[in-house]
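# Observations on the three-dimensional arrangement
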Amino acid sequence: MTRDLLVVDRVIKRFGGLKAVGGDDGLSFTVPEGTFLGLIGPNGAGKSTTFNLISGVLKPDEGKVLLDGVDLAKARASEIAALGLGRTFQTPRAFPSLSVLDNVIVGADSAGERVGMAFSGRWRDSEGALRDKAAAVLARVGLSERINDHVGSLSGGELRMLEVARQLVRDPKILLLDEPTAGVDPSLQSKLSNILVDLHAEGRTLIVVEHNLHFLLRIADRVVVLQNGQLLSQGTPAEIKADEKVITAYLGA
Ligand code: ADP
Ligand code: MG
């Protein structure tokens, strides 16, 4: 049996008077290692908040999140980084004045000590291997021809691919992507879809939030559906597509 890499156990998260995640009993679900989980639900369902809880950015008010057996609310940032979790944000984050390559190199460094070197253009000789690795992940996401360009000149879709590259350079065991297809044109979307399928085949655990159900239901192997911060349904893509509760939630009936 595959072990659970992620355990979300009766989690509740409030913002002021609003219970963004958890409903009455708290949100619970588990993610076995190697799963490609799709996390879906209407706007405001609590998907991004759940991401923040399972990456340790937010702490639950009640319940706990265990990643590889480690309680994220009690772990230090460096311990969380050592667990091999990578994530992208709903709004891409990058240094616009740096080159595409330098952004990936800076992304490899969770302590932030390479940021100064990037801005001064003075890299240590020992950064050579990292440059090669950064160039390799940029090739993987289709940005080879852009490596020397400033990030400010990238399209929205290219920026998303850069975000993925910034995470891949750290070789994450578990990768969380928040709406990776938003603002991405169809040809880049199919490239992204292929990359995710490959990362899954490599044995990595993926959790992807998407509005684009067509994109996600073709490639995920499990789906969790949230509504009002609660678990509405979970199962395989086929089960989810046939679930009346999910259909009703999406039709807004
Ligand atoms: P989703 O990503 O599914 O669209 P979110 O997790 O972003 O949903 O938000 C869930 C609910 O929590 C929404 O009602 C949203 O307005 C609210 N919310 C999210 N973040 C905050 C915050 N930092 N402060 C207050 N309310 C928030
Ligand atoms: Mg969101």
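Residues numbered from 1 in each chain as written. Chains lettered and ligands numbered in written order. Predicted model: local features only at pLDDT ≥ 70, side-chain atom pairs only at ≥ 80, totals over all residues.

Another aspect to go through is the overall build of the protein chain. The secondary structure content of the protein chain amounts to 10 helices and 11 strands. Here the C-alpha atoms of the protein chain give a radius of gyration of 18 Å, agreeing with the 18 Å that 2.2 N^0.38 yields for 253 residues. When the 253 residues of the protein chain are sorted by exposure, 38% land in the buried category. Sequence separation of 24 or more characterises 66% of the internal contacts of the protein chain that already satisfy a separation of 6 or more. (Helix = DSSP H or I, 4+ residues; strand = E, 2+ residues; numbered from the N terminus. Rg over C-alpha atoms; globule rule 2.2 N^0.38 Å. Buried ≥ 20, exposed ≤ 12 C-beta atoms within 10 Å, placed from the backbone. Contact = placed C-beta atoms within 7 Å.)

What follows is about the site of ligand 1. Around ligand 1 lies a shell formed by Phe15, Leu18, Ala20, Gly41, Asn43, Gly44, Ala45, Gly46, Lys47, Ser48 and Thr49. Sorting the residues of the shell around ligand 1 by element identifies strand S2 (18-21) and helix H1 (47-54) as the ones contributing at least two each. No other element matches the 3 residues that H1 contributes to the shell around ligand 1. Residues that form the shell around ligand 1 fall into these classes: 4 nonpolar, 6 polar and 1 charged. (Near = placed C-beta within 6 Å. Nonpolar A, V, L, I, M, F, W, Y, C, P; charged D, E, K, R; others polar.)

Of all the 5 residues making up strand S4 (residues 36-40), 5 are buried; the element is thus mostly covered by neighbouring parts of the structure. Burial along S4 is two-sided: Phe36, Gly38 and Ile40 facing one way and Leu37 and Leu39 facing the other are all buried. As judged from the 4 bridges shared by S4 and strand S9 (residues 205-209), these two strands associate in the parallel manner. The partner of Phe36 across the bridge, within S9, is Leu206. The sheet contact formed by S4 and strand S10 (residues 222-227) spans 4 bridges and is parallel. (Pairing = 2+ DSSP bridges.)

For the rest of this paragraph, the subject is the sheet that holds strand S8 (residues 174-178). Read from one edge of the open sheet, 6 strands run S7-S8-S9-S4-S10-S11, paired in mixed fashion. One side of each edge strand has no neighbouring strand; the edge strands of this open sheet are strand S7 (85-87) and strand S11 (230-235). Direction aside, the axes of adjacent strands within the sheet are offset by 15° on average. Both S7 and S8 contribute to a ladder of 3 bridges, which runs parallel. Looking at the pairing, Arg87 lines up with Leu176 of S8. The strands that H1 touches are S4, S7, S8, S9 and S10; relative to S8, the one it contacts most, it runs at about 155°. Packed onto the sheet, helix H7 (residues 186-201) meets S4, S8 and S9 and runs at close to 150° relative to S9. (Axes fitted to C-alpha atoms, helices over the stretch in contact; angles between N-to-C directions.)

Attention shifts here to the domain arrangement of the protein chain. According to the domain assignment, the protein chain consists of domain 1 (1-84 + 173-253) and domain 2 (93-171). Here domain 1 and domain 2 have C-alpha centroids that lie 26 Å from each other. The interface of domain 1 with domain 2 comprises 9 residues on the first partner and 10 residues on the second. By residue number, the principal contributor to the side of domain 1 that touches domain 2 is H7, which donates 3 residues. When its residues are assigned to classes, the side of domain 1 that touches domain 2 shows 6 nonpolar, 1 polar and 2 charged. (Domains from an automatic or database assignment.)

Pairing of strand S1 (residues 4-15) with strand S5 (residues 62-67), which is carried by 5 bridges, proceeds in the antiparallel orientation. Each residue of the ladder has a partner; that of Asp9, found in S5, is Lys64. Alignment of S5 against strand S6 (residues 70-71), held across 2 bridges, turns out to be antiparallel. Bridging across to S6, Leu66 finds its partner in Asp71. Here S5 folds back onto S6 in antiparallel fashion, the turn holding 2 residues, of which Asp68 has a positive phi close to 55°.

Another point: H1. Most of H1 is tucked away, with 7 of its 8 residues classed as buried. Listing the buried residues of H1 in full gives Lys47, Thr49, Thr50, Phe51, Asn52, Leu53 and Ile54. Gly56 sits one or two positions beyond H1 and adopts a positive phi of about 80°.

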